[in-house]
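# Residue-level structure breakdown
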Amino acid sequence: MKKLIDFLHQSTTPFHATKNAKAFLEERGFCRLLESEDWILSEGGKYYVARDGAVIAFTVGSLNDFSYKIVASHTDSPMLKLKENPVQKSAFYATLNAETYGGGLWYSFLDRPLKIAGRVIRRENNRLCEETVTSPFTVVIPSVAIHQNREANQGFSVNPQVDLQALVGLSSDVDNSENLLTCIAGENVVAYDLFLVNADMPYSFGLNDEFLASPRIDNLTSVFASLEALAFDEARVGICVAACLDNEEIGSGTAQGAEGDFLEKVLRRIAYSFRFDDNEYYKALGNSFVLSVDNAHAVHPNHPEKSDTTNKTVLGGGIVIKNHANKAYVTDALSAAVLKTVFDNADVKYQTFFNRSDVRSGSTLGKAIICQIGASGADIGLPQLAMHSSCECFKKSDYEELSKGLLAFYAAHFTRDENGMQIN
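Residues numbered from 1 in each chain as written. Predicted model: local features only at pLDDT ≥ 70, side-chain atom pairs only at ≥ 80, totals over all residues. Heavy atoms only, no water.

Another point: the packing of aromatic side chains. Each aromatic ring pair is summarised here by two numbers: the centre-to-centre distance and the angle between the ring planes. Scanning the entire structure with this criterion turns up 19 aromatic pairs. Each ring, one from Y68 and one from Y281, has its centre 6.3 Å from the other, and the planes form 75 degrees; the classification is edge-to-face. With Y68 in strand β4 (residues 68-74) and Y281 in helix α7 (residues 278-286), this residue pair connects regions lying 213 residues apart in the sequence. Classification of Y281 as buried rests on a relative accessible area of 1%. Both rings, one in F289 and one in F409, keep their centres 5.9 Å apart while their planes meet at 65 degrees; by these two values the pair is edge-to-face. Of the two residues, F289 sits in strand β14 (residues 289-293) while F409 sits in helix α10 (residues 396-411), which places them 120 residues apart along the sequence. Relative accessible area serves as the criterion here: at 0%, F409 is assigned to the buried category. Put simply, the rings of F66, Y68, F276, Y281 and Y282 pair up and form one aromatic cluster. (Phe/Tyr/Trp six-rings, centres within 6.5 Å; stacked < 30°, edge-to-face > 60°. Helix = DSSP H or I, 4+ residues; strand = E, 2+ residues; numbered from the N terminus. Buried < 20%, exposed > 50% of the residue type's maximum accessible area, 1.4 Å probe, protein only.)

Turning our eyes to something else, we now look at the sheet that holds strand β1 (residues 31-33). Here nine strands make up an open sheet; going across it, the order is β1-β2-β3-β13-β4-β14-β18-β16-β17 and the pairing mixed. If you trace the sheet from one side to the other, it starts and ends with β1 and β17 (350-353), each paired once. When strand polarity is set aside, the average angle formed by the axes of neighbouring strands in this sheet is 25 degrees. Where strand β3 (residues 54-60) and strand β13 (residues 239-245) come together, six bridges link them in antiparallel fashion. Looking at the pairing, F58 lines up with V241 of β13. Of the strands in this sheet, β2 (46-51), β3, β4 and β13 are in contact with helix α6 (residues 262-273), which crosses β3 at around 25 degrees. (Pairing = 2+ DSSP bridges. Axes fitted to C-alpha atoms, helices over the stretch in contact; angles between N-to-C directions. Contact = heavy atoms within 4.5 Å.)

Next up on the list: the pattern of salt bridges. Should the charged atoms of two oppositely charged side chains come close, the side chains can pair. The full count for this structure, using the stated rule, is 16 salt bridges. Across the pair R51 and D261 runs a salt bridge, and its minimum N-O distance is 2.8 Å. Of the two residues, R51 sits in strand β2 while D261 sits in the loop between β13 and α6, which places them 210 residues apart along the sequence. Residue class for R51 comes out buried when judged on its relative accessible area of 14%. You can call D261 partly exposed: its relative accessible area is 29%. (Salt bridge = Lys/Arg side-chain N within 4 Å of Asp/Glu carboxyl O.)

Another point: the nonpolar core. For soluble globular proteins, the rule of thumb is that nonpolar side chains tend to be buried together. Counting residues in each nonpolar core, the largest one holds 50 residues, and the members touching the most others are F289, L291, I380 and L406. The biggest single contributor to this core is helix α5 (residues 217-231), with nine residues. Dropping the residues within four chain positions of it, L291 is found in contact with I70, V71, A72, L339, A378, I380, L406 and F409. Core analysis: the next-biggest nonpolar cluster, separate from the first, contains 38 residues, V49, F276, L365 and A375 among them. (Core = buried A, V, L, I, M, F, W, Y, C linked by side-chain atoms within 4.5 Å.)

Strand order in the open sheet made by the five strands is β11-β12-β20-β19-β15, with mixed pairing throughout. The open sheet has two edge strands, β11 (203-205) and β15 (296-297), and neither has a second partner. By the bridge criterion, two bridges tie strand β19 (residues 383-385) to strand β20 (residues 392-395) in an arrangement that is antiparallel. Following the sheet pairing, L385 is matched in β20 by C393.

For the rest of this paragraph, the subject is helix α4 (residues 177-185). Looking only at α4, the buried set comprises S177, L180, L181, I184 and A185. Along α4, the residues classed as buried sweep out an arc of 110 degrees about the axis, all on the same side. With respect to the buried face of α4, the exposed residues turned more than 90 degrees away are E178 and C183. Two to three positions downstream of the cap, the backbone nitrogen of E178 sits 3.1 Å from a side-chain oxygen, assigning the N-cap of α4 to N176. With its phi angle positive at about 90 degrees, G186 sits one or two positions after the end of α4. (Arc of directions from axis to C-beta. Polar contact = N/O pair within 3.5 Å; in protein donor to acceptor, adjacent residues only side chain to side chain.)

The structure is reproduced here in structure tokens:
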């Protein structure tokens, strides 16, 4: 659990998550590949390739039965993104001009310690170099006192341009945006993707310290669980993939997101490296399986009425298999049966999630991936509370079930025919 906690705390942005994922993989013998170079792969090899805030890692097992087992997750969370020229100065204060990224529970970002973190592009002799940075100082978005907003407890609507501007200093202490950027990242920065992120440390709570609260639980728990399972040293069949993609919180419609070509190109290049033609590639996809791993809403202790009437997803109930009639989640009867069989064989706890029928469902990576590659798939996740808050929580034992379930998934082998799916 300590490794997960460190990953949650240190991976403040997708760029940091990708950097930390690469370090994790390299420590375990994974070789880096570049999209701009030829790939020479071998059976038994372990590899990864990165694109901006996304990283895809894979292992090559026995190719007697060529197929893919893909675990997809996302590296991003709701944040506040700094605009260019972010310093706003009034007669008294300097604040930071930011815009919302994703669908955050924005009031939860008030009165929290926030760091400025992300990536900067530095120019050195006409060479552009990318690096991750984190501010040495914190900032805060202060609430308006109850004495000055008497209706706050009856209902408070956040205006992002007014209410989410962080206090960085007194006007007399902050010269301009360029000087602020120098304080954060040093000299010669020509562009940046910088965010305001919750700097709180993860912490345990509950009578038996059974829960963990932290920023970015959605979805870095899935990212780290997939990397740990992939790196587990075990003989496997086919290609096992951990696709940690970016920009899910804003719809995945980017080059490094699930709707982009990153994953599909990696899968094709693996096939080409082993001299498999298009026909062999499409046959492999027919026997492949995609797990879209993103977290799910547990029954809220104060608002159980927000959950479905007959499918109660609870903390401590194990992995959540997510369902939706209109395919916000890609799980169907066959893919659910496949997962239940895999989990039953490995003694993994699981439960079923449906939204209330009168509530609009969220969606995640699975739909975009399945539409591109046509493999079987399902949506699963960790049950949690306070999704999209700046601080979320889950039960530690559920993470253990997720880790065990992903190990069982990678160890399984799927063969599909006209009558169904064989699981070995």
